[in-house]
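# Summary of structural features
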Amino acid sequence: MIIVSDSSPLISLSIISKLDLLVEIFDDFLIPEEVYEEVTRKNKPFASILAKHLKSHIKKIKNITAMQVLTMDIGPGEAAAIILALENNIKLILLDDARARKVAIHNNLTPVGTLGVLIKAKEKKLIKEVKGYMDQLILNNIHISDTLYKDVLAMVNE
């Protein structure tokens, strides 16, 4: 199972030092060049860690026109990730942004978020708990609504 990723989940997984979960859960993951450039920009937090982990997973999108159309509604990284998934017939896409997730669903893609990766990691016994990682994300200004926080804890029996 291959997944295409946008930037925000990659940053979130870097914050909690769990980028390795992508290769432990999925057969492979791809990122568009636009996402790579976004997360590895000079002075970006975790840029060097992300550059090291992501270098071999970059793939160029072909349909620039489709990306330009999508960027009227969502960010360029999210748009590029959706286009890359569609061009390569990959159904799973790693997105946290609600609007981008709706666009992905509209295009018959299955969005998974950062918390979805943590849930899968716990199911596969790759991590012992999800709560501590969610707390760490919140402390680092990653927004998780109270409802989502409680729902995830209920899902993973914490």
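Preceding block: the structure.
A brief structural summary. (Residues numbered from 1 in each chain as written. Predicted model: local features only at pLDDT ≥ 70, side-chain atom pairs only at ≥ 80, totals over all residues. Heavy atoms only, no water.)

## Overview of the sheet that holds strand S4 (residues 92-94)
Our working definition: The pairing criterion is simple: DSSP has to find at least two bridges between the two strands. Secondary structure elements follow DSSP: runs of H or I of four or more residues count as helices, runs of E of two or more count as strands, with numbering from the N terminus. The contact criterion used is simple: two residues touch if any of their non-hydrogen atoms lie within 4.5 Å. Note on geometry: axes are C-alpha line fits, over the in-contact stretch for helices, and angles between N-to-C directions span 0 to 180 degrees.
Strands sit in the order S3-S2-S1-S4-S5 across an open sheet of five strands; the sheet is parallel. Pairing within the sheet leaves two strands with one partner each, and these edge strands are strand S3 (58-59) and strand S5 (110-112). Against the sheet, helix H6 (residues 76-87) engages strand S1 (2-5), strand S2 (28-32), S3 and S4, with an angle of about 130° to S2.

## Quick look at the pairing of S2
Put simply, the rule is: In this scheme, a residue with accessible area under 20% of its type's maximum is buried, one over 50% is exposed, and one in between is partly exposed, where area comes from a 1.4 Å probe on protein chains only.
Summarising burial for S2: four of the five residues are buried, a large majority. Taken together, the three bridges between S1 and S2 define a ladder with parallel strand orientation. When the bridges of S2 are listed, Ile2 appears paired with Asp28. With two bridges joining them, S2 and S3 adopt parallel strand pairing. The partner of Ile31 across the bridge, within S3, is Ile58.

## Section: unusual backbone geometry
Although it is not a glycine, Ser17 adopts a positive phi angle of roughly 55°. Checked against the element boundaries, Ser17 lands in the loop between helix H1 (7-15) and helix H2 (21-25). The class for Ser17 is exposed, based on a relative accessible area of 59%. Here Asn108, not a glycine, exhibits a phi torsion of approximately 60°, which is positive. Position of Asn108 among the secondary structure elements: in the loop between helix H7 (98-106) and S5. Residue class for Asn108 comes out exposed when judged on its relative accessible area of 59%.

Geometric descriptors of this kind do not, in isolation, establish any biological role.
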